[in-house]
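So you can see what is in the structure, the chains are spelled out below.
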Amino acid sequence: MPSSLSYIPFSPPRIDDKIIAEVTATLQSRWITTGPRVKEFEKRIAQYVGIEKVVCVNSASAGLELMLRWFGVQEGDEVIVPAYTYCATANVVVHCGAKPVMVDVNADDFNINIQNIEKAITEKTKVIIPVDFAGLPCDYDELNQLVYNEKIRCKFTPRTLEQETLGRILILSDSAHSIGAIYNYKHTGALTDVSVFSFHAVKNLTSAEGGAICLNLPTPFNLEEIYKQLRTKSLHGQTKDALSKTQIGNWRYDVCEAGYKCNMTDILAAIGLVELERYENDMLVKRKHIFDKYTEAFSKDERFEVPVYETDTKQSSYHVYPLRIKNITEKERDVIIQQVAMQNISLNVHFIPLPMLSFYKNNGYDIQDFPVAYDNYAREISLPVYYDLTDEQVERVIEAIYNFV
Ligand SMILES: *Cc1c(COP(=O)(O)O)cnc(C)c1O
């Protein structure tokens, strides 16, 4: 029987009067698609991250794919991804006609393993997509060094002008979880060539749907120029956006390529602007508080393995709290989630490894080749973390887990 206790969802968005007022103001302005609020949101994200150029789009998936297309990733190319991530990381590679090459992850922090990346690099490798799992930055020092390594650089075979200019493998970080996270005193978004944030409804900072491409490419790339290219690419290759076309008499435009349609709208940017303003000093503080409470409760019992979210060099964005339970099977984990659900508490699992999903299984990927990803998955339970979660509710989650493990 479901419990009569009030429902604790997994991660509802924070929607209050401030968000509603800003969305209303946008509607009243009559400018609802890409316009001044998107430009402002891009500027503020760039300031927060500490870089020059950010391009907003309508999802992180679209942002990742746009960058793969910009770099000219195509059939015959390989892109290295972790086996343990959300399907978007690999799906965008498939869209481009390239092959996602999956590698196993670390047992301690769930992130992509750098030695495994090194073993997977071939002459066909064009891009590596590391994922900052749960909000913890990957080992970017090692990863950046790896792509500059002379032996690995020699293997790189450019097929486009952009690839020739870079002269090495591109690191395109899937930072969907990690806005606000820190590595060696720098924010994610400024840690490698390109990083993409997600503002999907369940993410730390939401705009309902949305994504941001953080451009941090080395010289001689002209970031202002690339910003313009990506803007155009995200709007059908049209040389003028809707805003500049509204200027009187300025109607004529051209189309320079068969572009995509993934621009962010001002209604979404309105939500994002409010979220960003109070992100660092309010949202992140609250999330860290919840993480600390869980860790305090679960680290004192041998049966639990608490996640890494702070080290000497790293600080997470506290996106997902991935608790692991020692010596249990996948089936036993599922039973625990079911039992806790009867207490009206919603838990989750991050993630089902890609090789276990039908599409990838049917395309020849085998979970037996990724034993660490499987073990992480089989024993993992993600706990509720969201702004409005009270201390009392956190206690209820802890008690329920203790009761059923
Ligand atoms: C959510 C998520 C994405 C996709 O983000 P969207 O904005 O929904 O496209 C990509 N990668 C990871 C790891 C995610 O969790």
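Residues numbered from 1 in each chain as written. Predicted model: local features only at pLDDT ≥ 70, side-chain atom pairs only at ≥ 80, totals over all residues. Heavy atoms only, no water.

A.B. asks: What should I look at first to understand the packing of helix α1 (residues 17–29) against helix α11 (residues 266–277) in this one?
C.D. replies: Angle between the axes and distance between the axes: these two values describe a pair of packed helices. Look at α1 against α11: their axes get within 9 Å of each other, and the N-to-C directions meet at 145°. In terms of crossing hand, the pair formed by α1 and α11 is right-handed. Side by side, α1 and α11 meet where K18, I19, E22, V23, T26 and L27 of the first sit next to D266, I267, A270, I271, V274, E275 and E277 of the second. (Axes fitted to C-alpha atoms, helices over the stretch in contact; angles between N-to-C directions. Helix = DSSP H or I, 4+ residues; strand = E, 2+ residues; numbered from the N terminus. Left-handed = near helix turned anticlockwise from the far one by under 90°. Contact = heavy atoms within 4.5 Å.)

A.B. asks: Help me understand the pattern of salt bridges in this model?
C.D. replies: Where charged atoms from two side chains of opposite charge come close, those side chains can pair. In total, this model carries 20 salt bridges according to the counting rule given. Among the ionic pairs, R44 bridges to E40, the shortest N-O distance being 2.9 Å. Here the residue R44 and the residue E40 both occupy positions in helix α2 (residues 36–49), the gap between them amounting to four residues, near one helical turn. Overall, E40 belongs to the partly exposed group, its relative accessible area being 25%. Between R168 and D193 there is a salt bridge whose closest N-O contact spans 2.8 Å. Residue R168 is located in the loop between α8 (161–166) and β5 (170–174), and its partner D193 is located in the loop between β7 (186–187) and β8 (194–198); the two are separated by 25 residues in the primary sequence. The same class applies to R168 as to D193, namely buried. (Salt bridge = Lys/Arg side-chain N within 4 Å of Asp/Glu carboxyl O. Buried < 20%, exposed > 50% of the residue type's maximum accessible area, 1.4 Å probe, protein only.)

A.B. asks: When you look at the packing of aromatic side chains in this model, what are you seeing that I'm missing?
C.D. replies: Ring pairs (aromatic) are described by centroid distance and by the angle formed between their planes. One pass over the structure, following the stated rule, counts 24 aromatic pairs. Between Y309 and Y318 the ring centres are 5.9 Å apart and the planes differ by 70°, which places this aromatic pair in the edge-to-face class. Of the two residues, Y309 and Y318, neither departs from the other in class, the shared state being buried. Feature note: the residues F291, Y294, F298, F304, Y309, Y318, Y321 and Y402 constitute an aromatic cluster, connected by ring pairs. The ring of Y387 is capped by R14, whose NZ or CZ atom sits 3.6 Å from the centre of that ring. The cationic tip of R333 hangs over the ring face of Y377; the distance from NZ or CZ to the ring centre is 4.6 Å. (Phe/Tyr/Trp six-rings, centres within 6.5 Å; stacked < 30°, edge-to-face > 60°. Lys NZ or Arg CZ within 6 Å of the ring centre and 35° of its normal.)

A.B. asks: I would appreciate a short explanation of the site of the ligand in the present structure.
C.D. replies: Taken together, 16 residues surround the ligand, and among them S61, D174, H177, S198 and K203 come closest. Here K203 contributes a side-chain N or O atom positioned 3.4 Å from an oxygen atom of the ligand. Those elements that place two or more of their residues in the shell around the ligand are α3 (60–71) and α4 (88–95). In terms of residue class, the shell around the ligand is built from six nonpolar, eight polar and two charged. (Near = heavy atom within 4 Å. Polar contact = N/O pair within 3.5 Å; in protein donor to acceptor, adjacent residues only side chain to side chain. Nonpolar A, V, L, I, M, F, W, Y, C, P; charged D, E, K, R; others polar.)

A.B. asks: Looking at this model, I keep getting lost on the nonpolar core. Mind explaining?
C.D. replies: One broad rule of soluble globular proteins: the nonpolar side chains tend to lie buried together. By size, the foremost hydrophobic cluster in this structure holds 71 residues, and its most contacted members are I80, I117, V127, L172, I213 and L215. Excluding residues that lie within four positions of it along the chain, L215 makes contacts with I51, K53, V55, M67, D193, V194, L223, I226, Y227 and L230. (Core = buried A, V, L, I, M, F, W, Y, C linked by side-chain atoms within 4.5 Å.)

A.B. asks: Where do I start with the sheet that holds strand β12 (residues 321–325) in this structure?
C.D. replies: Here three strands make up an open sheet; going across it, the order is β10-β12-β13 and the pairing antiparallel. Looking at strand neighbours, the two that pair on one side only are β10 (304–305) and β13 (380–383), the edges of this open sheet. Of the pairings in the sheet, the one linking β12 to β13 comprises four bridges and is antiparallel in character. Its bridge partner lying in β13, Y321 is registered against L383. (Pairing = 2+ DSSP bridges.)

A.B. asks: Just to check I follow, could you spell out a negative patch on the surface for this structure?
C.D. replies: On the surface, E296, D391, E392, E395 and E399 cluster together into a patch of negative charge. Here E392 is to be found in helix α16 (residues 391–404). With relative accessibility at 68%, the residue E392 sits in the exposed group. (Patch = residues over 30% accessible without salt bridge, like charges linked within 9 Å, V, L, I, M, F, W, Y side chains within 5 Å. Areas by Shrake-Rupley, 256 points an atom, 1.4 Å probe, with all protein chains shown as cover. Lys, Arg positive; Asp, Glu negative; His and termini not counted. Charge placed at Lys NZ, Arg CZ, Asp CG, Glu CD.)

A.B. asks: Explain α3 here, please?
C.D. replies: An α-helical turn contains 3.6 residues, so a residue and the one three or four places further along point in the same direction. Under the 1.5 Å per step criterion, the end-to-end length of α3 is 17 Å for 12 residues, consistent within 8% with the ideal 16 Å. Counting buried positions over the 12 residues of α3 gives 10, a clear majority of the element. The complete set of buried residues in α3 reads A60, A62, G63, L64, E65, L66, M67, L68, W70 and F71. If you check the start of α3, you find a side-chain oxygen 3.4 Å away from the backbone N of S61, and it comes from S59. (Expected span 1.5 Å × (residues − 1).)

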